[in-house]
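# Fold and contact review
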Amino acid sequence: MTGTISSHTAHHPTDRTRWRLRVNEGRQTWHYISEEESRADPQSDIEKYWLGLKISPSNLPKPTTALEAARNGFEFFKRLQNEEGFWSGEYGGPMFLLPGLVITYYVTGVKMPEGWSDEIIQYLFNRAHADDGGWGLHIEGHSTVFGTALNYIVLRLLGVDAEHPVCVRARGTLHKLGGATGSPSWGKFWMAALGVYDWDGMNPVPPELWLLPHFLPIHPARYWCHTRNVYIPMSYIYGRRATPALTPLTRQLREELYTQPYDTILWYQQRNNICKADEYYPHTSLLNFLNGGLVIAEKGISKTGIRTRALKAAYAQVKYEDENTHYLDIGPVNKMMNMLSTFYEEGKDSEAFKLHAKNNIDFMWMSGGGMMMNGTNGSQLWDTALLIQGVIESGLAEEPQNHEAMKRGLMFIDDCQIKRNPPFMKEGYRDVTLGAWPFSNKFQGYTVSDCTSEGLKAVLLLQGKLSYTTERVSMERLEQAVDIVLGMQDKSGGFASYETVRGPAWLEWINPAEVFGNIMIEYCYPECSTACVLGLTYFREQRPDYRSEEIDATIKRAVKFILSVQREDGSWYGSWAICFTYATLFALESLSSVGQFYSNSEPVRKACEFLLSKQRVDGGWGESYKSCEQHVYVEHENSQVVQTAWALLALMAAKCPNQKAIQRGVELIMSRQLPDGQWKQEAIEGIFNHSCSISYPNYKHIFAIWALGRYAKTYGDAL
Ligand code: LAN
């Protein structure tokens, strides 16, 4: 080991009181300002809350009913609404995002804004597992090579010494896991892009796929948009074998990451070397067979004009994506890969590259535990639309002290609707976006089926059900949203996430990512399907004459789909949050909207019995993210406020007659509420791709308020 103990041994976080969160048309960005500026611009409660600093105390009357508890909850949560009307929030969890950022900055030589480096180090120090010093796929996951090798690299690139105790421990764990050669393919890619792993140790990612005719089922335009958009720039960088010049630091890393000297590694034997701790979805024999062929083909192709043409085609897709999203891109993974591709293709001085560098800030989130990279550029629309629905259902929205918050919410949702189609729609294989709502903000601008529906629902409630709001979103714009939803139904009757299902299911057999399941194509989800059923239902109620037959038929088919994916035990598998509890809530909302309740529907009864069987002695519910991995219900050690709220909402939607059980759940939620109305963070809430959890810190407020409100509506003051 060549590192020596240096001044980096101790680490100094920044001055937390100097961080400010700015919002601008749905963008949320953290800035580290000077002491002087800081004095002139005192920190708000929103900033203090997210930074874990003390916020001004508030004295609320102790709640004795569910409605009072909901009211207090919203009194608190309202303090976190910003002037544009949305709720910002942390959206961390995945541990494979910062490496893309830091490696790209290192390779391209871009300087990070002040405060980032110190706080990223801080974050990784805080997130290193207490037992072995490593990192996993996500914050709650066990240590893996992917998490440990890449975040170790991050610390080293940011200047932490190899002999710093955090690095020493992490490296020990990495070596115990077999060293960085056992990294999954996305890790192999980033290490190769940094020059600390050999491209020959990676299965080919041929950009030539973009030269295939579109009718072939294997054409990448048919993949799930996240997967497609990751493999576009990856194929471009791989296709060029873009490797930066070695530096003293990367030379050193080559020695630190492996259990044997770098020059003695037989790279071609590492392609399929995936550490067991990392492997969630092993390669199929078909994929290994195809990869074997590609390795041979690669030797020939990479030197021909075909490669040049393929690189051009892949880079064209990089451009379409950048232009279609205002250089924000669909997510943090392709954001950084596109930036690196732009660096190689257009150079550091190009406008495009500068735009990329400028916009990374949208993904960065400053917290009390340091700085992380969010899973998207925020969850602005999603959180705000859900919160509004809960507050309106509870009746709290009519109370005068809440009018302003609701009006501001409408202002934001109005602004957030996407008002154009992607400029490179056809060429970029994108679908319509005009009239849709995105998950985060209008600049990222991807249609999501359920986000569009939740946005639609929120507007219909805000404009249609409240006595004091004026119309901001015209009927024409609501019709555009409905058109989009209607166009997104799959043949199965279900709804997928961003697009319709474009490719055959067998494409999953060539899923090369090893760490994620179900990523190759779109799938239909009970969650997304439910949002669409309800969005259309609310719309039909207010506008019964618009495309009414299609709406009726669409709802019918979607409900049929939802029933068709109910499991033997009465539950539904959840893909976007944990897990059976979450999806069962959605399914029961759908069924109740078409008049299926406990009293008249066998599937609903079964679902209620399932939920009731999972209630714990303390009255709460608590499911672990492991349910998502294992596809069986796994208990969390403790009851969780968020899951208790989901279960209660589900039981009440179903009109489950067991009021006692529901009341016990309500009592649990109330017992966890703090005197100022807030709830504390508990276990992680969200999931994606069956294996990676992701934080929805606003859920504890949104769903607790909603569940308490629904209880008050259903049972009044009974406690
Ligand atoms: C999300 C977040 C929101 C989520 C819901 C709206 C909740 C869901 O109902 C539909 C799917 C969607 C939009 C979704 C898809 C996948 C995302 C974007 C994420 C889980 C957030 C992060 C994740 C993304 C893929 C992370 C980057 C990792 C890769 C594998 C590319």
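Position labels on residues start from 1 in each chain and follow its written sequence. Note on the predicted model: pLDDT of at least 70 is required for a residue's local features to be given, and 80 or more for side-chain atom pairs to be given and counted; whole-chain, interface and lining totals, by contrast, use all residues. Hydrogens and waters are ignored; side-chain quantities use all the structure's heavy atoms.

In the nomenclature of an unreviewed UniProt entry, the chain corresponds to Terpene cyclase/mutase family member from the organism Mortierella alpina. According to UniProt, the comment filed for the chain under the heading Sequence similarities (unreviewed entry) is "Belongs to the terpene cyclase/mutase family." UniProt positions are given in the numbering used here, feature names are shortened, and annotations may be inferred rather than shown by experiment.

## Quick look at the state of the cysteines
What counts as a disulfide here is a pair of cysteine sulfur atoms lying within 2.5 Å. Scanning the entire structure with this criterion turns up zero disulfides. Free of any disulfide, C416 has its nearest cysteine sulfur in C451, 9.2 Å distant. By relative accessible area, C416 is classed as buried at 2%. No disulfide involves C532; its nearest neighbouring cysteine sulfur is the one of C528, lying 6.9 Å away. Each residue is placed in one exposure class: buried if its accessible area under a 1.4 Å probe, protein chains only, is under 20% of its type's maximum, exposed if it is over 50%, and partly exposed if it falls in between. On the accessibility criterion, C532 (1% relative accessible area) is buried.

## Let's talk about the packing of aromatic side chains
Between two aromatic rings, the relevant description is the distance of the centres plus the angle of the planes. For Phe, Tyr and Trp, where Trp contributes only its six-membered ring, two rings pair if their centres lie within 6.5 Å, and the inter-plane angle classes them as stacked under 30 degrees, edge-to-face over 60, or tilted in between. Under the criterion given, the structure shown has 45 aromatic pairs. Relative to F439, the ring of Y91 lies with its centre 5.5 Å away and its plane at 45 degrees, an arrangement referred to as tilted. Of this pair, Y91 sits in the loop between α3 (66-78) and α4 (98-108) while F439 is found in the loop between α16 (403-416) and α17 (449-465), placing the two residues 348 residues apart along the sequence. Classification of Y91 by relative accessible area gives buried; the value is 5%. Relative to F516, the ring of W186 lies with its centre 5.4 Å away and its plane at 65 degrees, an arrangement referred to as edge-to-face. Here W186, found in helix α8 (residues 185-194), pairs with F516, found in the loop between α18 (475-487) and α19 (526-542); they are 330 residues apart in sequence, far enough to count as distant. Classification of W186 by relative accessible area gives buried; the value is 8%. The buried category is assigned to F516, whose relative accessible area is 2%. The rings of Y91, W382, F439, Y582, F586, W646, Y696, Y699, F703 and W706 are connected pair by pair, giving a single aromatic cluster. By the criterion adopted, a ring carries a charge over it if an Arg CZ or a Lys NZ lies within 6 Å of its centre and within 35 degrees of its normal. The cationic tip of R430 hangs over the ring face of Y446; the distance from NZ or CZ to the ring centre is 3.5 Å. Of note, K614 hangs over the ring of Y633, and the distance from its end group to the ring centre comes to 4.6 Å. To qualify as a helix, a DSSP run of H or I must reach at least 4 residues; to qualify as a strand, a run of E must reach at least 2; elements of each kind are numbered from the N terminus.

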